[in-house]
Amino acid sequence: MEVKIEAYGDSALLVKFSGDFLHSQNRVRFFRRCIERSLPTGFLECVPGMTDLTFYYQPLQYSFFSARKELLRWLAETPVITEEDVRFFEIPICYHSSLAPDLDFVATSHHLSTDQVIALHSSSVYEVQMIGFAPGFPYLSGLPGQLATPRRATPRLRISPGSVGIAGTMTGIYTYETPGGWQIIGRTPWVLFDTQRNPPSLLQLGDRVQWRPISLDEFMSYMEMMK
């Protein structure tokens, strides 16, 4: 395995993998699973990107060169994680028009009915490629090509937590009420990020997701149970 390790400030290392985009993503997913189990001694945290990893270490314990040596040792000795370790989530989603302000636009843009959009979106299996933008916000690959839609020309100032959106070829889930420009086509009642959980983010890099359509009544029942 060939990697490039660079200094990232005075207490972090940026790990870049050789190979093409998909190969790099696979390596990131592999090591993210390993990171859940253990970090190298003296390392505090690892933040996965789409094709790289940033490791934060104790600057009083390591110099750049000693941290790099320890990290290379850990990378070389880490055991293989198998496909059985991949987690799968079936996440409920409501596509009702009151929760999906851009569903009609997406359907019209692709000369589809809203039912066809729902069927396509909920039939695919997605994979978490990155967590970013907001705490716990997952970027999911796997969107059917027929539904690829650009971001909105004018972002909304407020998007409700749980809103599920499309931007280009990705699907994302808003975890907080934030501004955003993704095309909102539904909402899940699940809480994706909770500081009382460990880890706070429900979804992690490499997790698989499939959407399970629910009615508006079911959505409201979920919301009542979670109060």
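No experiment lies behind these values; they were computed from the predicted model shown.

About the thresholds
Along each chain, the written sequence defines residue order, and numbers are assigned to residues from 1. Two thresholds apply to this predicted model, a pLDDT of at least 70 for residue-level local features and 80 or more for giving and counting side-chain atom pairs, whereas whole-chain, interface and lining totals are computed over all residues. As a rule here, side-chain values come from all non-hydrogen atoms in the structure, and water together with hydrogens is ignored. When a residue's accessible area, from a 1.4 Å probe over protein chains only, is under 20% of the maximum for its type it is buried; when over 50% it is exposed; and in between it is partly exposed. Helix numbering and strand numbering both begin at the N terminus, where a helix is a DSSP run of H or I of at least 4 residues and a strand a DSSP run of E of at least 2. We treat two strands as partners when DSSP finds at least two bridges between them. Residues enter patches when they are more than 30% accessible in relative terms and free of salt bridges; like-charged ones are connected within 9 Å and nonpolar ones (Val, Leu, Ile, Met, Phe, Trp, Tyr) within 5 Å. For the area figures, the Shrake-Rupley method with a 1.4 Å probe applies, and any residue is considered shielded solely by the protein chains shown. Every case where a carboxyl oxygen of Asp or Glu lies within 4 Å of a side-chain nitrogen of Lys or Arg is listed as a salt bridge. Lines fitted to C-alpha atoms define the axes here, with helix axes fitted over just the stretch in contact, and angles between the N-to-C directions of these axes take values from 0 to 180 degrees. We call two residues in contact whenever any of their non-hydrogen atoms come within 4.5 Å of each other.

Which parts of the structure should I look at to understand the pairing of strand 5 (residues 88-94)?
For a regular strand, side chains alternate in direction, first toward one face of the sheet and then toward the other. A large share of strand 5 lies buried, amounting to five of its seven residues. Judged from the seven bridges that link them, strand 5 and strand 13 (residues 208-214) form a sheet pairing that is parallel. Its bridge partner being in strand 13, phenylalanine 88 is matched across the sheet by arginine 208.

Teacher, can you tell me more about the pairing of strand 12 (residues 183-187) here?
For strand 12, the tally of buried residues reaches five of five residues, placing the bulk of the element in the interior. For strand 9 (residues 163-167) and strand 12, the ladder comprises four bridges, and the chain directions are antiparallel. The partner of glycine 165 across the bridge, within strand 12, is isoleucine 184.

Please explain a nonpolar patch on the surface as it appears in this structure.
A contiguous nonpolar surface patch, about 380 Å² in accessible area, is contributed by Val191, Met223, Met225 and Met226. You can see valine 191 is positioned in the loop between strand 12 and strand 13. Look at valine 191 and you get partly exposed, because its relative accessible area is 38%.

Please clarify how the sheet that holds strand 1 (residues 3-7) should be interpreted in this entry.
Across a sheet, paired strands are connected by hydrogen bonds in the backbone, their directions being either parallel or antiparallel. Spatially, 1-2-4-3 is the arrangement adopted by the four strands of the open sheet, whose pairing is antiparallel. At either margin of the open sheet sits one strand with a lone partner, and together these are strand 1 and strand 3 (43-48). Strand-to-strand, the axes of this sheet are offset by a mean angle of 20 degrees, without reference to chain direction. Taken together, the five bridges between strand 3 and strand 4 (residues 52-57) define a ladder with antiparallel strand orientation. Directly across from cysteine 46, in strand 4, lies its bridge partner phenylalanine 55. Docked against the sheet, helix 2 (residues 64-77) engages strand 1, strand 2 (12-17), strand 3 and strand 4, running at close to 150 degrees with respect to strand 1.

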